[in-house]
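# An overview of the molecular structure
One letter stands for each residue in the lines below.
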Amino acid sequence: MENFRHLVSLDGKMLLTQGAVNTVVNTLAHACFAGVLGYALGRAKFSTAPPLHRGLSLCGGLVAAAVLNGVFNVLEEKVALAGMGGAAWRSLGWAAGFAAVVFFVVSLLMRRQLAVSPHAKPTVG
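Everything quoted here is computed from the prediction, not taken from an experiment.

## Topic: the overall build of the chain
Looking only at helices and strands, the chain has four helices and zero strands in total. Its helices and strands taken in sequence order, the chain reads α-α-α-α from the N to the C terminus. Across the 125 residues in the chain, those meeting the buried criterion constitute 23%. Contacts spanning at least 24 positions in sequence make up 62% of the contacts within the chain whose residues lie at least 6 apart. Counting every atom, the chain has about 8,800 Å² of accessible surface; 72% of that belongs to carbon and sulfur.

Here is the structure:
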């Protein structure tokens with residue numbers, strides 16, 4: 001919906017490539033934020049902590065995803081404005097880099113949780 005509203009607001013004054021790149025960039029970013037929130041959901045679901053602690057974990061995940069969204073939007077706007085001279089790839093590169101960093105951090109957090117999980121596969125050796 002965000003992409004649609006953005007394209008409609010431009011009244012057809014955008015190159016197709018810029019519109020496509022903008023759509024890919026926003027989709028990548030929102031997938032990252034969903035991963036952060038999904039991690040918080042999984043951690044709360046499988047936690048043996050009291051309900052208040054699990055609720056705070058969920059709120060923390062939601063706040064982290066919202067903050068990441070805000071930071072991404074501000075920085076992506078600066079990158080896109082710098083690249084408006086015909087270098088739409090800058091936005092795509094920025095989003096890919098941002099997604100890679102968020103994916104790496106969430107992956108590390110998930111591995112740490114899996115290592116202490118009672119359901120972890122035993123290591124051989």
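## Some points on the packing of aromatic side chains
Centre distance and the angle of the planes are the two values used to describe a pair of aromatic rings. A complete count under the given rule lists three aromatic pairs for this structure. Measuring from ring centre to ring centre gives 6.1 Å for Phe33 and Phe72, while their planes differ by 70°; the resulting arrangement is edge-to-face. One end of the pair, Phe33, is in helix 2 (residues 16-46); the other, Phe72, is in helix 3 (residues 51-82), and 39 residues separate them in sequence. This pair shows no difference in class: Phe33 is buried, exactly as Phe72 is. Ring geometry for Phe72 versus Phe98: centroids 5.1 Å apart, planes at 55°, classification tilted. Within this pair, whereas Phe72 is found in helix 3, its partner Phe98 is found in helix 4 (residues 89-115), the two being separated by 26 residues in sequence. Phe98 sits in the buried class, given a relative accessible area of 12%.

## Describing the confidence of the model for the chain
Per-residue pLDDT for the chain has a mean of 79; in total, 74% of the residues score no lower than 70. Here helix 1 (residues 2-9) stands out as the least confident element of the chain, with mean pLDDT 66; helix 3 is the most confident, with 86.

## Focus: the nonpolar core
By size, the foremost hydrophobic cluster in this structure holds 14 residues, and its most contacted members are Val25, Cys32, Phe33, Phe72, Phe98, Val102 and Val106. Among the secondary structure elements, those contributing two or more residues to this core are helix 2, helix 3 and helix 4. In terms of residues, this core owes the most to one element, helix 2, which gives seven residues.

Reading guide: rules and limits
- Residues numbered from 1 in each chain as written.
- Predicted model: local features only at pLDDT ≥ 70, side-chain atom pairs only at ≥ 80, totals over all residues.
- Heavy atoms only, no water.
- Helix = DSSP H or I, 4+ residues; strand = E, 2+ residues; numbered from the N terminus.
- Buried < 20%, exposed > 50% of the residue type's maximum accessible area, 1.4 Å probe, protein only.
- Contact = heavy atoms within 4.5 Å.
- Areas by Shrake-Rupley, 256 points an atom, 1.4 Å probe, with all protein chains shown as cover.
- Phe/Tyr/Trp six-rings, centres within 6.5 Å; stacked < 30°, edge-to-face > 60°.
- pLDDT = per-residue confidence, 0-100.
- Core = buried A, V, L, I, M, F, W, Y, C linked by side-chain atoms within 4.5 Å.

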